[in-house]
Amino acid sequence: MEARDSPRSSLNGDFGFGTGSDRRFAFSRQSSFQQPHTPIAVDSGRPFLSRTDSSIDIPNPVHRYDKLTGSTERSSLPSFVFGVFRNIRSGHRYLKRLFLMISLNVAYSTAELLFGLFTGRVGLVSDAFHLTFGCGLLTFSLFVMAASRNKPDREYTYGYKRLEVLSAFTNALFLLFMSFSLAVEALHAFIQDESEHKHYLIVSAVTNLIVNLIGVWFFRNYARINLAYRNAEDMNNHSVCLHVLADSIRSAGLILASWLLSIGVQNAEVLCLGLVAAAVFVIVLPLFRATGGVLLQMASPSIPTTALSKCLRQITAQEDVLEVSQARFWELVPGHVVGSLSIQVKKGIDDRPILEFVHGLYHDLGVQDLTVQTDHT
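Conventions and cut-offs
- Residues numbered from 1 in each chain as written.
- Predicted model: local features only at pLDDT ≥ 70, side-chain atom pairs only at ≥ 80, totals over all residues.
- Heavy atoms only, no water.
- UniProt positions renumbered as here; feature names shortened; annotations may be inferred.
- Helix = DSSP H or I, 4+ residues; strand = E, 2+ residues; numbered from the N terminus.
- Buried < 20%, exposed > 50% of the residue type's maximum accessible area, 1.4 Å probe, protein only.
- Contact = heavy atoms within 4.5 Å.
- Axes fitted to C-alpha atoms, helices over the stretch in contact; angles between N-to-C directions.
- Parallel < 35°, antiparallel > 145°, perpendicular 65-115°, else oblique.
- Left-handed = near helix turned anticlockwise from the far one by under 90°.
- Nonpolar A, V, L, I, M, F, W, Y, C, P; charged D, E, K, R; others polar.
- Pairing = 2+ DSSP bridges.
- Right-handed = clockwise from strand over helix to strand, strands pointing away.
- Phe/Tyr/Trp six-rings, centres within 6.5 Å; stacked < 30°, edge-to-face > 60°.
- Lys NZ or Arg CZ within 6 Å of the ring centre and 35° of its normal.
- Expected span 1.5 Å × (residues − 1).
- Bend = angle between axes of the 7 residues up to and from the residue.
- Salt bridge = Lys/Arg side-chain N within 4 Å of Asp/Glu carboxyl O.
- Core = buried A, V, L, I, M, F, W, Y, C linked by side-chain atoms within 4.5 Å.

- Looking at an unreviewed UniProt entry, one finds the protein named Metal tolerance protein C2 and attributed to Stylosanthes scabra.
- Entered under Subcellular location (unreviewed entry) in the UniProt record, the comment concerning the protein runs "Membrane".

Written out as structure tokens, the structure is:
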């Protein structure tokens, strides 16, 4: 028994797994298999199963050891922030478009705030604060777009792409709150039976509508309610588009309510605000559910649960497999599925063919990173 376990222990030691009884490994398909400094020629036409610490590429660590002082230098927060600003400067077109749109909104909200303070218009000041809060969320989306371009490090081995999912979730949550506040405002107008939309607020709504329509034009490729997210960037860009689209709908609703009131339509404000609240809720809810599902590590919608169940049945049907348990599959970000499972096999058998079969099964299904633990009983 010791002679049989000796080569396996040597293999684990070579790849950094230690000599314990822990049998958890991650696998990746490669066209060739190489040990350090010792290339081994194999048939490149047939994928070979390699044992590695992870099926993702982990770059050089950000901790640098100083041989003279014996200290460890760590990448600081200022360097990270400066890296983000460098990414903004050299970023892609959506990054630059978002920066321009935020600049327009900040300039407009500042002018509106100053005009409202000097003239004593409380409505203008309130609308300026609403726009400022929205600009803060868009600035967070801008920061996330730039930060997500940073490469993985030892703290974040999967990288920073999930920041874009968090940004999209934050935007969706804010828009749902805006929908609720508009519904409350409509209810208040119905109870008080009066309109608060003066002529200066209508001018503000028209100007705000023009600014937001520019943002909708910038992100017109994402101007849809239901969108198939191929990656985390699509999710964040979609949230930005829905943010400016919801603000546009709100401004258009205020303009429509003012026009209906001018021609004598009763309860026009209640009707328009209610419709705007319902419209914002409908366009944002799919994004809220999608981002929430990713953050809660739900099963990937791109892989049917029936397909996962079929894979489990095929693994259980193997002759040397006794039990399959703790099968968990989730989306790290849209388009990147991660999975793990535990397999109990018969004692004394070579589990490599089983592991190769399991990996190939889930690889064909669309699972990029799979971790398998085998127990001999």
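1. Looking at the overall build of the protein
Then comes step 1: When its secondary structure is counted, the protein shows ten helices and nine strands.
Then comes step 2: Burial statistics for the protein: of 377 residues in total, 40% are counted as buried.
Then comes step 3: In the protein, the share of contacts with a sequence separation of at least 24, taken over all contacts with a separation of at least 6, comes to 71%.

2. Details of the packing of helix H5 (residues 162–192) against helix H7 (residues 232–262)
Then comes step 1: At a minimum axis separation of 8 Å, H5 and H7 run at an interaxial angle of 20°. Between H5 and H7, the angle falls in the class roughly parallel. In this structure, H5 meets H7 at a crossing whose hand is left-handed. Seen from H5, the contacting residues are Glu164, Val165, Ser167, Ala168, Asn171, Phe174, Leu175, Met178 and Leu182; seen from H7, they are Ala232, Glu233, Met235, Asn236, Ser239, Leu242, His243, Ala246, Asp247 and Arg250.
Then comes step 2: Taken together, the residues of the contact of H5 with H7 break down into ten nonpolar, five polar and four charged.

3. Let's talk about the pairing of strand S9 (residues 369–376)
Then comes step 1: Relative to S9, strand S8 (residues 336–345) is paired through eight bridges, and the arrangement is parallel. What sits directly across from Ile343, in S9, is Thr374.
Then comes step 2: In this region the chain leaves S8, passes through helix H10 (residues 352–365) and returns to the parallel neighbour S9; the handedness of that crossover is right-handed.

4. Overview of the packing of aromatic side chains
Then comes step 1: Within this structure, the stated rule accounts for six aromatic pairs.
Then comes step 2: An aromatic cluster is built from Tyr94, Phe219 and Tyr222, whose rings are joined through pairwise contacts.
Then comes step 3: Over the aromatic face of Tyr94 sits the side chain of Arg97, whose NZ or CZ is 5.6 Å from the ring centroid.
Then comes step 4: Of note, Arg220 hangs over the ring of Trp217, and the distance from its end group to the ring centre comes to 3.9 Å.

5. Quick look at the packing of H7 against helix H8 (residues 268–295)
When two helices pack together, their arrangement is captured by the angle between the axes and the distance separating the axes.
Then comes step 1: Taken N-terminus to C-terminus, the directions of H7 and H8 make an angle of 175°; their axes are 8 Å apart at the nearest point. Taken together, the axis directions place H7 and H8 in an arrangement best described as roughly antiparallel.
Then comes step 2: The residue makeup of the contact of H7 with H8, split by class, is 21 nonpolar, four polar and two charged.

6. Examining H8
Then comes step 1: If you check H8, its first and last C-alpha atoms are 40 Å apart, about what 28 residues at 1.5 Å a residue would give, namely 40 Å.
Then comes step 2: At Val284, H8 is bent by approximately 35°, the largest bend along its length, and proline Pro286 sits one to four residues beyond.

7. Describing the pairing of S8
Then comes step 1: Buried residues dominate S8, accounting for eight of its ten residues.
Then comes step 2: With nine bridges connecting them, strand S7 (residues 321–333) and S8 associate as antiparallel partners. Looking at the pairing, Ser325 lines up with Ser342 of S8.

8. Some remarks on the UniProt feature "transmembrane region" (unreviewed entry) in the protein
Then comes step 1: Per the UniProt record, the feature "transmembrane region" (unreviewed entry) sits at residues 98–122, 128–147, 168–191, 197–219, 240–262 and 268–288.
Then comes step 2: The distance separating the terminal C-alpha atoms of residues 240–262 is 34 Å; by composition the span is 100% helix and 0% strand.
Then comes step 3: Secondary structure over residues 268–288 splits into 100% helix and 0% strand, and the C-alpha atoms at its two ends are 30 Å apart.

9. Considering helix H3 (residues 93–119)
Then comes step 1: End to end, H3 covers 39 Å across 27 residues, agreeing with the expected 39 Å (1.5 Å per residue, within 8%).
Then comes step 2: Of all the positions in H3, only Tyr94, Leu95, Leu98, Met101, Ile102, Asn105, Tyr108, Ser109, Glu112 and Gly116 are classed as buried.
Then comes step 3: At the C-terminal side of H3, Gly120 shows a positive phi close to 75°.

10. Brief notes about the pattern of salt bridges
Then comes step 1: Within this structure, the stated rule accounts for three salt bridges.
Then comes step 2: With its nearest N and O atoms 3.3 Å apart, the salt bridge here joins Arg250 to Asp127. Of this pair, Arg250 sits in helix H7 while Asp127 sits in helix H4 (residues 122–147), and the two are 123 residues apart along the sequence. Of the two residues, Arg250 and Asp127, both sit in the buried class.
Then comes step 3: Salt-bridge contacts for Lys161 lead to Glu164; the nearest nitrogen and oxygen are separated by 3.8 Å.

11. Digging into the nonpolar core
Then comes step 1: Counting 45 residues, the largest nonpolar core has Leu98, Leu175 and Phe219 as its most contacted members.
Then comes step 2: Looking at this core, the elements with two or more residues in it are H3, H4, H5, helix H6 (199–218), H7, H8 and S7.
Then comes step 3: Per-element accounting of this core gives the leading share, nine residues, to H5.
Then comes step 4: Grouped together as the second largest cluster of nonpolar side chains are 20 residues, Cys311, Ile349, Tyr362 and Val367 included.

12. Focus: unusual backbone geometry
Comment: phi is negative for the bulk of residues other than glycine, and the bulk of peptide bonds are trans.
Then comes step 1: The backbone phi angle of Gln297 is positive, close to 60°, even though this residue is not glycine.
Then comes step 2: Mapped onto the elements of the fold, Gln297 is located in the loop between H8 and helix H9 (305–316).
Then comes step 3: In this structure, Gln326 takes a positive phi of about 55° despite not being glycine.
Then comes step 4: Following the sequence through the fold, Gln326 ends up in strand S7.

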